[in-house]
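Next come the chains, spelled out residue by residue.
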Amino acid sequence: MMHNALTAEMLGLRRRVVGVTGSLVATIDGLLVASDTEEHVEADHLAAVAAAGLSIARRTVEVTDRGALLQTMIQGRKGCTAVYAVGDMALMVVLGDEGLDIGSLHGHSRPALERIGSILDEGE
Amino acid sequence: MTGTLHVMGRPGGVFHCREGLVVAVRTPGAPGPETLLMRSGRIASAGTEAPEAGTRVIGAAEFEVVRVVSAYDSAFAIMVGTVDDCVLRTGGETEPAGRGEEPERLVREALRRVDALRALPDAVLPHDDRMAVAAGADRETGGGLPIRREILLLADGRRTCRDIAYATAHGVYAVAVEVSRMLEAGLLERAEPQEPEEGAPAKPILARAPEPVVKAAVGPPRSLPRRTPGGNEPSSARPERRAKDWADFARLRDPAG
């Protein structure tokens, strides 16, 4: 049931936010839990890379005293990758194209992240 | 009036106005001029100062044409979607752009396009309907026109007309009209809303293992695999390959060894 609930959250985010092309949820160690990504995206690989990036971002906010880490944004020529911390134990990666409204993404992601955190907590 | 008109909704957008003229329209619902130029290969990338080798540099006149085309398409994209609220903010800086368009003309043309699309027998919702190739349609040759071939190649059940417009550097209106015609011709169909698949069983998230755990792979079947500190993969995954990779790495570090 947890897998279905996570997938439903990711499908909902893609439907609500124009420009989202996919997303995944992984453990903080980079192990894939559930994904809603396009065929050409290697979800396992992306989960591992995102976890590594989030780990560096956590260290960065620590050494710069920026408080708790919220997310990282990586922008390329054809779109962006947002990596959100889900509590201390998990993360969510959201992929978007260049038309994605970052503000809209953050606005819709926050409640989704809370629900995903609750789903993961219930699964423990 | 100089300022911005923010349209809240789906997809929503922003009209940038200067002295009564609309100088730019930005929306997540339609590709902007930079995207149209970059995706079509006419410029290297937005924000790149020096063009890459082999990339044609466009002139001001060509950019102006693309900018105007994009403004009309973006206005259509905003108006064909849902509009929840509008907020006008006067003053401030507006985007540097060309001479601008008269707002009445822009809105009139956008509404004409909305009506024209809705008048088609199988009109598509450009931001909601996800397209899939119909059973029996040939992805390679079924389309005939180049734009149809591109649409057939990209219709994977996840993409909307808006997504296809971004990927192909076409306007959303042009793609929506063509997709509607292809729906009527039986080349495309609307993908059923995706439902979560019955996949992996419920697995709790586990804390990082404090010590290398050799037996992590034989843990309870309902728990996630854990990474072992210093390892590169889940302890349950391909141990023989990992050992080989580390051996290769050691040789790289010390060729004599």
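Above this text is the structure in question.
Residues numbered from 1 in each chain as written. Chains lettered and ligands numbered in written order. Predicted model: local features only at pLDDT ≥ 70, side-chain atom pairs only at ≥ 80, totals over all residues. Heavy atoms only, no water.

Participant: Looking at this model, I keep getting lost on the overall build of chain A. Mind explaining?
Facilitator: Counting its regular elements, chain A contains three helices and five strands. The secondary structure elements of chain A, listed N-terminal to C-terminal, are α-β-β-α-β-β-β-α. For 124 residues, the compact-globule estimate of 2.2 N^0.38 gives 14 Å, and the C-alpha radius of gyration of chain A, at 13 Å, lies within 12% of that figure. The proportion of buried residues among the 124 residues of chain A is 55%. Residue pairs in contact within chain A that sit at least 24 positions apart in sequence constitute 51% of those at least 6 positions apart. Of the roughly 5,700 Å² of accessible surface on chain A, a fraction of 53% belongs to carbon and sulfur atoms. Of the side-chain charges in chain A, 10 are positive and 17 negative, and the distance between the mean point of each set is 6 Å. (Helix = DSSP H or I, 4+ residues; strand = E, 2+ residues; numbered from the N terminus. Rg over C-alpha atoms; globule rule 2.2 N^0.38 Å. Buried < 20%, exposed > 50% of the residue type's maximum accessible area, 1.4 Å probe, protein only. Contact = heavy atoms within 4.5 Å. Areas by Shrake-Rupley, 256 points an atom, 1.4 Å probe, with all protein chains shown as cover. Lys, Arg positive; Asp, Glu negative; His and termini not counted. Charge placed at Lys NZ, Arg CZ, Asp CG, Glu CD.)

Participant: Whenever I open this one, the overall build of chain B confuses me. Can you help?
Facilitator: Secondary structure summary: chain B contains seven helices and six strands in total. Element order for chain B, N to C, with α for helix and β for strand: β-β-β-α-α-β-α-β-α-α-α-β-α. In chain B, which comprises 257 residues, the proportion classed as buried is 41%. A separation of at least 24 residues holds for 62% of the contacts in chain B among residues at least 6 apart in sequence. Carbon and sulfur atoms make up 55% of the accessible area of chain B, which totals about 14,000 Å².

Participant: For this particular structure, what's the right way to read the sheet that holds strand β2 (residues 32-36) of chain A?
Facilitator: Paired through backbone hydrogen bonds, the strands of a sheet run either parallel or antiparallel to each other. Residue and element names in this part refer to chain A. Taken together, five strands build an open sheet; the order of strands is β2-β1-β5-β4-β3 and the sheet is antiparallel. Where the open sheet ends on each side, the last strands, each with one partner, are β2 and β3 (71-76). Averaged over all pairs of adjacent strands, the angle between their axes in this sheet comes to 15°, without regard to strand direction. As paired elements, strand β4 (residues 79-86) and strand β5 (residues 90-97) share eight bridges and run antiparallel to each other. Following the sheet pairing, Ala 82 is matched in β5 by Val 94. (Pairing = 2+ DSSP bridges. Axes fitted to C-alpha atoms, helices over the stretch in contact; angles between N-to-C directions.)

Participant: Explain the sheet that holds strand β2 (residues 13-18) of chain B to me, please; I cannot follow it from the model alone.
Facilitator: Residues and elements named next belong to chain B. A sheet is described by the order of its strands in space; here four strands give the open sequence β3-β2-β1-β4, paired in antiparallel fashion. The strands lining the two open edges of the sheet, one partner per strand, are β3 (21-26) and β4 (82-90). Each strand of the sheet is rotated relative to its neighbour by a mean of 20°, with strand direction disregarded. Where strand β1 (residues 3-10) and β2 come together, five bridges link them in antiparallel fashion. Counterpart to His 6 in the pairing with β2 is Val 14. Sheet strands in contact with helix α2 (residues 60-80) are β1, β2, β3 and β4, and its direction is about 70° off that of β3.

Participant: Whenever I open this one, the packing of helix α4 (residues 146-154) of chain B against helix α6 (residues 172-184) of chain B confuses me. Can you help?
Facilitator: Packed helices, taken two at a time, are described by the angle their axes make and the gap between the axes. All names here are of chain B. α6 packs onto α4 with a crossing angle of 80° between their chain directions and a minimal axis gap of 11 Å. In terms of orientation, α4 lies roughly perpendicular with respect to α6. When α4 is examined against α6, the residues Ile 147, Arg 148, Ile 151 and Leu 152 are found in contact with a partner set consisting of Val 175, Glu 178, Val 179, Arg 181 and Met 182. Split by residue class, the contact of α4 with α6 holds six nonpolar, no polar and three charged. (Parallel < 35°, antiparallel > 145°, perpendicular 65-115°, else oblique. Nonpolar A, V, L, I, M, F, W, Y, C, P; charged D, E, K, R; others polar.)

Participant: What exactly am I supposed to notice about the pairing of strand β1 (residues 20-27) of chain A here?
Facilitator: Every regular strand shows the same layout, with side chains that alternate between the two sheet faces. Residues and elements named next belong to chain A. When you tally the buried positions in β1, you get eight out of eight residues, the bulk of the element. Pairing of β1 with β5, which is carried by seven bridges, proceeds in the antiparallel orientation. The residue bridging Thr 27 from the neighbouring strand is Ala 90, located in β5. Pairing analysis gives four bridges linking β1 to β2, with the strands arranged antiparallel. Within β2, the position partnered with Ala 26 by the bridge is Leu 32. A loop of four residues connects β1 with β2, the two strands running antiparallel in sequence, and Gly 30 in this loop sits at a positive phi of about 90°.

Participant: Quick question: what am I supposed to make of helix α3 (residues 102-123) of chain A here?
Facilitator: Side chains that are three or four residues apart share a direction in an α-helix, a result of its 3.6 residues per turn. All names here are of chain A. An ideal rise of 1.5 Å per residue puts 32 Å on 22 residues; α3 measures up with 30 Å between its terminal C-alpha atoms. If you look at α3, its biggest bend is around 30°, right at Ser 109, and the proline Pro 111 turns up within four residues after that. The backbone nitrogen of Gly 103 lies 3.0 Å from a side-chain oxygen of the residue at the head of α3, namely Asp 101. (Expected span 1.5 Å × (residues − 1). Bend = angle between axes of the 7 residues up to and from the residue. Polar contact = N/O pair within 3.5 Å; in protein donor to acceptor, adjacent residues only side chain to side chain.)

Participant: I'm lost on the pattern of salt bridges in this one. Help?
Facilitator: Pairing is possible between side chains that carry opposite charge, provided their charged atoms lie close to one another. Evaluation of the coordinates by the stated rule reveals 18 salt bridges over all chains. For Asp 36 of chain A, the salt bridge goes to Arg 158 of chain B, with nearest N and O atoms at 2.9 Å. With Asp 36 of chain A in strand β2 and Arg 158 of chain B in the loop between α4 and α5 (161-168), this residue pair bridges two chains. Residue Asp 129 of chain B pairs with Arg 190 of chain B through a salt bridge whose shortest N-O separation is 3.0 Å. Of this pair, Asp 129 of chain B sits in the loop between α3 (103-118) and β5 (131-133) while Arg 190 of chain B sits in strand β6 (residues 188-190), and the two are 61 residues apart along the sequence. (Salt bridge = Lys/Arg side-chain N within 4 Å of Asp/Glu carboxyl O.)

Participant: Would you mind going over the pairing of β4 of chain A with me for this structure?
Facilitator: All names here are of chain A. Counting buried residues along β4, eight of its eight residues qualify, which places the element largely inside the surrounding structure. Neither face of β4 is left uncovered, since the one carrying Gly 79, Thr 81, Val 83 and Ala 85 and the one carrying Cys 80, Ala 82, Tyr 84 and Val 86 both have all their residues buried. Note that β3 and β4 share six bridges and pair antiparallel. If you follow Thr 72 over to β4, its bridge partner there is Val 83.

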